[in-house]
Amino acid sequence: MTVRASTPDRGPAPRPVREPARQRALRAARQALRVLAVELGTPTEPGTPLLGSVRSPWLRRLPYVVAFGFAVSLLPTSINVLGNDYGLEGGLVGALATAQTVPLLLAVTRPLQAWWVIFAADVIGALALTGADGVAGRAWPWPPMEIVGYLALMLALSLRERRRTLTAVWLTTGVAGLLSQVFTPDGSNNTWVLMFVLTGVVLMMGATLRERGDAQRKLIEQETISEAERARRTLLEERARIARELHDVVAHHMSVITVQAASAPYRISGLPGEAEEEFGAIAATARESLAEMRRLLGVLRSEEAEQQGGPEKTPQPGIGMLPKLVEGTVRAGVPVELTLPEEPVVLEPAVDLSAYRIVQEALANVVRHAPGAPTRVSVTVAADGARLTVLIVNSPPSAPSAPLETTGTGHGLIGMRERVRLVDGSLDTGPLPDGGFRVAARLPLAPAPSQAAPLSTTKDAHSV
């Protein structure tokens, strides 16, 4: 026997109760009032003076001068107009005039708070004028001096607050003027529309000026950041280039050590077994060091070099190749006079390479920025034999011609400083009184005590 469970008939699902239109409107109005209150009660950067970020001290003082001028001129005018023309009582006149003008001084640092005071004083003044004897035939609810002071306040407000706050202020001004029509005195000239339109125009113009200034300031900041990043990138590229060149120098010496250690048992007869094992260990260690160095510094090679079959095989240049470099510069139209030491100088590979690169970059700068300028290149050794001085001086060209480049990036000087710093030397560059330029580098002939070996320097440059 089969028993089937019966499910009760639930019927159609109940329809959601639709909210009446009146309740939706009330909820939307409450939400709008809440947003309005938040915008009007949240000032931007309170206490910060207008134009406080500009460099000129005169521009920083300008808002104070303007606010003081408006307050001083509008205060007696308001007292005179409200008392004599509109016929208000003396005590009320003084209180209203003070509340409508003196807060303009506060608008320099807290324009939104100043708006609350002045707006409330203007509304109270409009209500007070409804019972005045002289309102017939005159402006109401906003007399002319109130309009002038209110527009000055709007300018200060637009230079500080965001657009949503400015919109809330503008709408509040319009609503206050619209509601004032209920109390319009007979025979008065209504000015709420004029006030509403002029307030919107001033707020829009001030907000546009402020946003344009903000955009220009951000652009300047971005250009400054970009220039700093460009200089940093140039420095890193130059360090990578130096590391690549030092890699070739160190790789050559490590290869020589490997070959000498591996061939020692065959070149020297009668070596004991312990010595052969020691030479074999030296060769193995040198091969491992060379392989690891190539792995670590291989990433510094350009893609073109890797596609061409690996590291370059050309020896790195030194001061012995300066005559050939000078010859090429002379062919480019720059008269160059070269002076080298009379006696051959034995230099560390890094110092030799740095001296050549400094001269190369200096002559390239002469070709780019002062074509045809007579140039002197001298490489001398100090009397104590401790330092090598590389001096490149160019005079103004006798027949001025347009430079190939009107502006420089400073990349060449950055590279010179980095090479000099690498070998613990010093560099002095700068223009000469006659219009030429001078580059003087002093390089040590012996490695600095802090430098353990060229390989450690290369690793440091690579790690950066």
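Here the structure is a predicted model, which is why all the values come from computation and not from measurement.

**Here's the deal with the overall build of the protein chain**
Next, step 1: If you tally the helices and strands in the protein chain, you get 13 helices and 7 strands.
Next, step 2: In the protein chain, which comprises 464 residues, the share counted as buried stands at 34%.
Next, step 3: For the protein chain, the share of sequence-separated contacts (at least 6 apart) that also reach a separation of at least 24 residues comes to 73%.
Next, step 4: If you sum the accessible surface of the protein chain, you get close to 27600 Å²; carbon and sulfur atoms cover 60% of it.

**A word on the pairing of strand β5 (residues 387-394)**
Next, step 1: Relative to β5, strand β4 (residues 375-381) is paired through 7 bridges, and the arrangement is antiparallel. Opposite Val-381, over in β5, you have Leu-388 as the bridge partner.
Next, step 2: In this antiparallel pair of consecutive strands, β4 and β5, the connection spans 5 residues, and Gly-385 shows a positive phi of 70 degrees.
Next, step 3: Judged from the 8 bridges that link them, β5 and strand β7 (residues 437-444) form a sheet pairing that is antiparallel. For Val-390, the partnering residue across the bridge sits in β7 and is Ala-441.

**Looking at the packing of aromatic side chains**
Next, step 1: Per the stated rule, a full pass over the model turns up 4 aromatic pairs.
Next, step 2: Here the aromatic rings of Trp-115 and Trp-116 are separated by 5.2 Å at their centres, their planes lie at 65 degrees, and the arrangement is edge-to-face.
Next, step 3: Residue classification places Trp-116 among the partly exposed positions, given a relative accessible area of 43%.
Next, step 4: Ring centres 4.4 Å apart and planes at 10 degrees place the aromatic pair Trp-170 and Phe-196 in the stacked group. Remark: Phe-196 occurs in helix α7 (residues 192-267) and Trp-170 occurs in helix α6 (residues 163-179); sequence separation between them is 26 residues.
Next, step 5: With a relative accessible area of 21%, Phe-196 lands in the partly exposed category.
Next, step 6: Here the aromatic cluster, defined as three or more aromatic residues joined through ring pairs, consists of Trp-115, Trp-116 and Phe-119.
Next, step 7: Above the ring of Trp-58, the side-chain terminus of Arg-61 is found at 5.6 Å from the ring centroid.

**Topic: unusual backbone geometry**
In terms of backbone geometry, most residues other than glycine have negative phi values and most peptide bonds are trans.
Next, step 1: Backbone torsion omega between Trp-140 and Pro-141 reads 5 degrees, so that peptide bond is classified as cis.
Next, step 2: Residue placement: Pro-141 occurs in the loop between β1 (139-140) and α5 (144-158).
Next, step 3: One non-glycine residue, Glu-45, lies in the positive phi region at around 50 degrees.
Next, step 4: Among the secondary structure elements, Glu-45 is positioned in the loop between α1 (21-40) and α2 (57-85).
Next, step 5: With phi around 65 degrees, Asp-424 is a residue other than glycine that occupies positive phi space.
Next, step 6: Looking at the secondary structure, you find Asp-424 in the loop between α12 (411-422) and β6 (426-431).

**A closer look at the nonpolar core**
In globular proteins that are soluble, nonpolar side chains generally tend to be buried together.
Next, step 1: Of all hydrophobic cores here, the largest spans 40 residues; its most connected members are Leu-82, Trp-115, Tyr-150, Leu-153, Met-154 and Val-169.
Next, step 2: At the level of elements, α2, α3 (90-101), α4 (111-129), β1, α5, α6 and α7 are the ones that each hand at least two residues to this core.
Next, step 3: Looking at this core element by element, the count peaks at 8 residues for α5.
Next, step 4: In this view, Leu-153 contacts Leu-104, Ala-107, Pro-111, Ala-114, Trp-115 and Ile-118; residues no more than four positions away in its chain are not counted.
Next, step 5: Core analysis: the second largest hydrophobic core is formed by 29 residues, Val-351, Ala-362, Ala-370 and Val-439 among them.

**Thoughts on a nonpolar patch on the surface**
Next, step 1: A cluster of nonpolar residues, Leu-51, Leu-59, Leu-62 and Val-66, forms a patch on the protein surface that exposes about 300 Å² of accessible area.
Next, step 2: Turning to its location among the elements, Val-66 is positioned in helix α2.

**Observations regarding the packing of helix α10 (residues 322-331) against helix α11 (residues 349-369)**
Next, step 1: Running from N to C, α10 and α11 point in directions that differ by 5 degrees, and their axes come no closer than 11 Å. Between α10 and α11, the interaxial angle falls into the category roughly parallel. Here Leu-322, Leu-325, Val-326 and Thr-329 of α10 come into contact with α11, specifically with Tyr-356, Val-359, Gln-360, Leu-363 and Val-367.
Next, step 2: Residues of the contact of α10 with α11, tallied by class, amount to 7 nonpolar, 2 polar and no charged.

**Remarks on the pattern of salt bridges**
Next, step 1: For the structure shown, the criterion picks out 7 salt bridges.
Next, step 2: Measuring nitrogen to oxygen at the nearest pair gives 2.5 Å for the salt bridge that ties Glu-211 to Arg-163. Taken together, the residues span a long stretch of sequence, with Glu-211 in helix α7 and Arg-163 in helix α6 at a distance of 48 residues.
Next, step 3: A relative accessible area of 31% means that Glu-211 is categorised as partly exposed.
Next, step 4: Among the ionic pairs, Asp-214 bridges to Arg-217, the shortest N-O distance being 2.3 Å. Taken together, the positions of Asp-214 and Arg-217, both in helix α7 and 3 residues apart, correspond to about one turn of that helix.
Next, step 5: A relative accessible area of 22% means that Asp-214 is categorised as partly exposed.
Next, step 6: Judged by relative accessible area, which is 39%, Arg-217 ranks as partly exposed.

**Here we look at the sheet that holds β6**
Next, step 1: One open sheet accounts for 5 strands, arranged β3-β4-β5-β7-β6; its pairing is mixed. If you trace the sheet from one side to the other, it starts and ends with β3 (336-339) and β6, each paired once. The average angle at which neighbouring strand axes cross in this sheet is 5 degrees, direction not considered.
Next, step 2: Against the sheet, α10 engages β3 and β4, with an angle of about 170 degrees to β3.

Reading the values: rules and limits
- Numbering of residues starts from 1 in each chain and follows the order in which that chain's sequence is written.
- Selection of residues for local features in this predicted model requires a pLDDT of at least 70, selection of side-chain atom pairs for listing and counting requires 80 or more, and totals for whole chains, interfaces and linings are taken over all residues.
- The basis for every side-chain value is the complete set of non-hydrogen atoms in the structure, without hydrogens or water.
- Elements are defined by DSSP. Helices are runs of H or I of four residues or more, strands are runs of E of two residues or more, and each kind is numbered from the N terminus.
- For every residue, the accessible area obtained with a 1.4 Å probe (protein chains only) is divided by the maximum for its type, and the residue is called buried under 20%, exposed over 50%, and partly exposed between those limits.
- For this analysis, residues touch if any pair of their heavy atoms sits within 4.5 Å.
- Areas reported as accessible are Shrake-Rupley estimates using a 1.4 Å probe. Residue values count occlusion only from the protein chains shown.
- Only strands joined by at least two bridges in the DSSP assignment are considered to pair.
- Pairing of aromatic side chains requires ring centres within 6.5 Å, counting the rings of Phe and Tyr and the six-membered ring of Trp. Pairs whose planes differ by under 30 degrees are stacked, by over 60 edge-to-face, and all others tilted.
- Any Lys NZ or Arg CZ found within 6 Å of a ring centre and within 35 degrees of that ring's normal is scored as a charge over the ring.
- Only buried residues count toward a nonpolar core, which is a set of Ala, Val, Leu, Ile, Met, Phe, Trp, Tyr and Cys residues joined through side-chain atoms within 4.5 Å.
- What makes a patch is a set of residues exposed beyond 30% relative accessible area and free of salt bridges, joined within 9 Å when like-charged and within 5 Å when nonpolar (Val, Leu, Ile, Met, Phe, Trp, Tyr).
- Whenever a carboxyl oxygen of Asp or Glu lies within 4 Å of a side-chain nitrogen of Lys or Arg, that contact is scored as a salt bridge.
- In this description, a line fitted to the C-alpha atoms serves as the axis of each element, helices being fitted only across the stretch in contact, and the angle between N-to-C directions of two axes falls anywhere from 0 to 180 degrees.
- Should an angle fall under 35 degrees it is taken as roughly parallel, and over 145 as roughly antiparallel, whereas 65 to 115 is taken as roughly perpendicular and any remaining angle as oblique.
- Note on residue categories: nonpolar means Ala, Val, Leu, Ile, Met, Phe, Trp, Tyr, Cys or Pro, charged means Asp, Glu, Lys or Arg, and polar means any other residue, Gly included.

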